[in-house]
Amino acid sequence: MNIKSGFSAVLFAFLSVLLWTGCSSTIKYPIKYPVQNMAVDLIVLAADDMEGRATGTDGEYKAGNYIASRFRALGLTPKGEDRSYFQSFTKKIKSNPHAEKPAPDDPEITGRNVIGFIDNGTANTVVIAAHYDHLGWGEHGSLHSGEKEIHNGADDNASGVTGLLYLAESLKKSKYRKNNYLFIAFSGEELGLLGSNYFINNPTINFTSINYMINMDMIGRLKSENKLAVSGVGTSPAFEPVIDAIRYQDLEIKKELSGSGPSDHMSFYNSGVPVLAFFTGQHEDYHKPSDDAHLINYTGMKHVVQYIFNIIAGLDKKGKLEFSKTQDPVASTRAFSVTLGVVPDYLYDGKGMRIDGVRDGRPGQIAGLRKGDIILKIGELDVFDINAYMKALTLFKQGQKVDLVIKRENEELIKTVTF
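First things first, this report covers the structure right here in the doc.

Basis of the calculations
Residues numbered from 1 in each chain as written. Predicted model: local features only at pLDDT ≥ 70, side-chain atom pairs only at ≥ 80, totals over all residues. Heavy atoms only, no water. Helix = DSSP H or I, 4+ residues; strand = E, 2+ residues; numbered from the N terminus. Rg over C-alpha atoms; globule rule 2.2 N^0.38 Å. Buried < 20%, exposed > 50% of the residue type's maximum accessible area, 1.4 Å probe, protein only. Contact = heavy atoms within 4.5 Å. Areas by Shrake-Rupley, 256 points an atom, 1.4 Å probe, with all protein chains shown as cover. Lys, Arg positive; Asp, Glu negative; His and termini not counted. Charge placed at Lys NZ, Arg CZ, Asp CG, Glu CD. Patch = residues over 30% accessible without salt bridge, like charges linked within 9 Å, V, L, I, M, F, W, Y side chains within 5 Å. Salt bridge = Lys/Arg side-chain N within 4 Å of Asp/Glu carboxyl O. Axes fitted to C-alpha atoms, helices over the stretch in contact; angles between N-to-C directions. Parallel < 35°, antiparallel > 145°, perpendicular 65-115°, else oblique. Left-handed = near helix turned anticlockwise from the far one by under 90°. Pairing = 2+ DSSP bridges. Right-handed = clockwise from strand over helix to strand, strands pointing away. Polar contact = N/O pair within 3.5 Å; in protein donor to acceptor, adjacent residues only side chain to side chain.

Looking at the overall build of the protein
- Counting its secondary structure elements, the protein contains 10 helices and 15 strands.
- Taking 2.2 N^0.38 as the reference for a compact globule, 419 residues should give roughly 22 Å; the C-alpha atoms of the protein span a radius of gyration of 22 Å, in line with that estimate.
- Counting only C-alpha atoms, the protein reaches 80 × 50 × 45 Å along its principal axes.
- Out of the 419 residues in the protein, the part that is buried amounts to 53%.
- Taking the contacts inside the protein whose residues are at least 6 apart along the sequence as the reference set, 75% of them involve residues at least 24 apart.
- Carbon together with sulfur atoms contributes 52% to the accessible area of the protein, which is approximately 19,500 Å² in total.
- Each charge class in the protein can be summarised by its mean position, and for the 46 positive and 49 negative side chains these summaries are 7 Å apart.

Section: a negative patch on the surface
- A cluster of acidic side chains, namely Asp48, Asp49, Glu51 and Asp58, defines a negative patch on the protein surface.
- Along the chain, the position of Asp49 falls in the loop between α2 (38-45) and α3 (58-73).
- The class of Asp49 is partly exposed, set by a relative accessible area of 46%.

Topic: the environment of Ile219
- In this structure, Ile219 sits in the loop between β6 (210-216) and β7 (227-231).
- The exposure class assigned to Ile219 is buried, which follows from its relative accessible area of 0%.
- Taking C-alpha positions, Ile219 is 20 Å from Ala313, a pair spaced 94 residues apart along the chain.

Regarding the packing of α2 against helix α4 (residues 154-172)
- Following both chains from N to C, one finds α2 and α4 inclined at 140 degrees, their axes separated by 9 Å at the closest point. With respect to α4, the axis of α2 lies oblique. Read as a crossing pair, α2 and α4 show a hand that is right-handed. For the pair α2 and α4, contact is made by Met38, Asp41, Leu42 and Leu45 and by Ala154, Ala158, Ser159, Val161, Thr162, Leu165 and Tyr166, respectively.

Considerations on the pattern of salt bridges
- Summed over the entire model, instances satisfying the criterion amount to eight salt bridges.
- The partner of Lys148 in a salt bridge is Glu139, and the shortest N-O contact between them spans 3.7 Å. Considered together, Lys148 and Glu139 belong to a single accessibility category, that of exposed residues.
- With a shortest N-O distance of 2.8 Å, Glu169 and Lys173 are connected by a salt bridge.
- By relative accessible area, which is 2% here, Glu169 ends up buried.
- Among the charged side chains, a network of salt bridges with common partners joins Glu240, Asp244 and Lys255.

Overview of helix α5 (residues 194-201)
- Judged by how many residues are buried, α5 sits mostly within the fold: six of eight residues are covered.
- Here α5 has its buried residues at Leu194, Gly195, Ser196, Asn197, Phe199 and Ile200.
- Each element contacted by the buried residues of α5 is listed here: β2 (86-92), β3 (108-118), β5 (180-186), β6 and α7 (265-269).

Concerning the pairing of β7
- Taken across its five residues, β7 has four buried, putting it largely inside the fold.
- Judged from the five bridges that link them, β7 and strand β8 (residues 252-256) form a sheet pairing that is parallel. Bridging across to β8, Leu228 finds its partner in Ile253.
- Note that the unit made of β7, helix α6 (residues 239-245) and β8 has a crossover that is right-handed.
- Bridge analysis of β7 against strand β9 (residues 275-279) gives three bridges, and the strand direction is antiparallel. Each residue of the ladder has a partner; that of Val230, found in β9, is Phe278.

Quick word on the side chain of Ser196
- Relative to the helices and strands, Ser196 is located in helix α5.
- Judged by relative accessible area, Ser196 falls into the buried class, the value being 0%.
- Among the polar contacts listed, one links the side chain of Ser196 to the side chain of Asp264, at a separation of 2.7 Å.
- Setting aside its immediate chain neighbours within four residues, Ser196 contacts Phe186, Asp264, Ser267 and Phe268.

A short note on the pairing of strand β15 (residues 411-418)
- In this structure, strand β14 (residues 401-408) lies alongside β15, joined through eight bridges in antiparallel fashion. Considered in β15, the bridge of Lys401 is made with Thr418.
- Here β14 folds back onto β15, and the loop between the two strands holds two residues, one of which, Glu409, carries a positive phi near 55 degrees.

In short, shape yes, function no, at least from these values alone.
So, in structure tokens, the structure goes:
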């Protein structure tokens, strides 16, 4: 580079900074130099020796201990059970997927949520969360068709936990103290939101004090278009004005009003808590052994987390946020092209797929399905559990008409649904 071109580049960069500063007066900057680089946390959590962090395994136990040690180093107060960082939950796993209930000798797994607290002495508490469990060696939920391999889950969801730790340090050192902050690394998400559902039913703080919930699930693969999906924008009227006021690092925000979604924020939304969920997009390594640390966009991940920090800062003085129920979008799932528009009961252990909620105007509601109904068959396909239900839906297309066999109380009924 010659001197003239070098000077021009420096001058351009300086002017760009001035212009950026001039049009972005709302930007709040978190810590520039965290105690630990974000890449270190992600690489540790996505390492082979964590063996994919499957719920109830030694790898999950080791990852939970690591997160707790980081909470301790950041000065977060333990907010689990017995003055620890951990909240344990158990789940029986059916050895026979066709069985109506788990057998007495079926295995029982124990997972652990990891919970830390910043107590600012206020009435309201913001929950900031990310799940840390993944698929282990791919026994459950893998899209990999080859030999068994460790599924390290770098993006899903070591990235979200890395963001959780960065936000914990940033908020601990910040001036934004109109809310308390509860940081939760959930386990059991991949098995059906087990950890977050357990917390909802066994909160370690006064549940009515929860102001809103932030969820980070797969925030590590920001693409060149810089698109960031933000779901739950319609769950409180306070969210959209704050989000619209922030212009940060050329991020293109895709706002989704619905509070529903296949991650832990769903547990909170169903309990009347405003939620925001952040997601940088699907990719070909999803639920495969190839979701590894070297594919993470570390700069993009940092920008996403700093953007979230700005939202939290913007909401700091808003008081207790009003909750709004949202109308769910027509295409609310990544896995298949049709849906009944029902909320599964993820904790149901019996035969079939029990419905925990029915969304207005969707095929299930139009067909007359109700909360508490148990779907036993879709067409000729038996529905033994929620996994069989989701697999069945992949075989249908929009516009198809099919009979459902459901159990309502003690009676079997046939309902005709049009997708």
